[in-house]
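Inside the fold
One letter stands for each residue in the lines below.
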Amino acid sequence: RVKAESGGTLYVCAPGGEPVETEYVKDGSYLSFPMENGGSFIYYGRSERHKDMRVRIALFACAAAAVLILIRFRVKRKSS
């Protein structure tokens, strides 16, 4: 079991073996899949979520800048 978003591709590697694409089952916030002891796995998630996060960060930065500008103008008016 590993905590990850579903919708990606999962590869499981046996010790000393090559990665093999493996199916998984979504179990709450976790992905459940078979794997040998000492094995490893590779999970490639979708990149759409990263693009969405960049947009959110940019919107938050613009909103924060607007608030700071408004605060600065109000402080200037009070001191004048």
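Not measured: the values here are computed from a predicted model.

**Overview of the overall build of the protein chain**
Along its length, the protein chain carries 1 helix and 6 strands. Ordered by position from the N terminus, the helices and strands of the protein chain form the series β-β-β-β-β-β-α. Buried residues in the protein chain amount to 10% of all 80 residues. The contacts of the protein chain with a sequence gap of at least 6 include a subset with a gap of at least 24, amounting to 51%. On the protein chain, roughly 6900 Å² of surface is accessible, and the fraction owed to carbon and sulfur atoms is 57%.

**Concerning the confidence of the model for the protein chain**
Here the protein chain averages 81 in pLDDT, and 81% of its residues register 70 or above. Ranking the elements of the protein chain by mean pLDDT puts strand β1 (residues 2-3) last with 66 and strand β3 (residues 20-22) first with 89.

**Digging into the sheet that holds strand β2 (residues 9-13)**
Reading across from one edge, β3-β2-β6 is the order of the 3 strands in this open sheet, with antiparallel pairing throughout. The sheet is open, and its two borders are formed by β3 and β6 (40-44), each paired with just one other strand. Averaged over all neighbouring strand pairs, the angle between strand axes comes to 35 degrees, with direction disregarded.

**Re the packing of aromatic side chains**
Each aromatic ring pair is specified by the distance between its two centres and by the angle formed by the two planes. The tally for this structure, following the rule as stated, stands at 3 aromatic pairs. Seen in terms of ring centroids, Tyr24 and Tyr43 are 6.2 Å apart; in terms of plane orientation they differ by 75 degrees. Their pairing is edge-to-face. Here Tyr43 lies in strand β6 and Tyr24 lies in the loop between β3 and β4 (25-27), a separation of 19 residues in the sequence. Overall, the relative accessible area of 23% leaves Tyr24 in the partly exposed class. Relative accessible area serves as the criterion here: at 22%, Tyr43 is assigned to the partly exposed category.

**Considering the pairing of β2**
As defined by bridge partners, β2 adjoins β6 across 5 bridges and the pair is classed as antiparallel. Of the residues in β6, the one forming a bridge with Thr9 is Tyr44. Alignment of β2 against β3, held across 3 bridges, turns out to be antiparallel. Directly across from Val12, in β3, lies its bridge partner Val20. In sequence, β2 turns back onto β3 through a hairpin of 6 residues, with Gly16 there showing a positive phi of about 75 degrees.

What counts and how
Residues numbered from 1 in each chain as written. Predicted model: local features only at pLDDT ≥ 70, side-chain atom pairs only at ≥ 80, totals over all residues. Heavy atoms only, no water. Helix = DSSP H or I, 4+ residues; strand = E, 2+ residues; numbered from the N terminus. Buried < 20%, exposed > 50% of the residue type's maximum accessible area, 1.4 Å probe, protein only. Contact = heavy atoms within 4.5 Å. Areas by Shrake-Rupley, 256 points an atom, 1.4 Å probe, with all protein chains shown as cover. pLDDT = per-residue confidence, 0-100. Pairing = 2+ DSSP bridges. Axes fitted to C-alpha atoms, helices over the stretch in contact; angles between N-to-C directions. Phe/Tyr/Trp six-rings, centres within 6.5 Å; stacked < 30°, edge-to-face > 60°.

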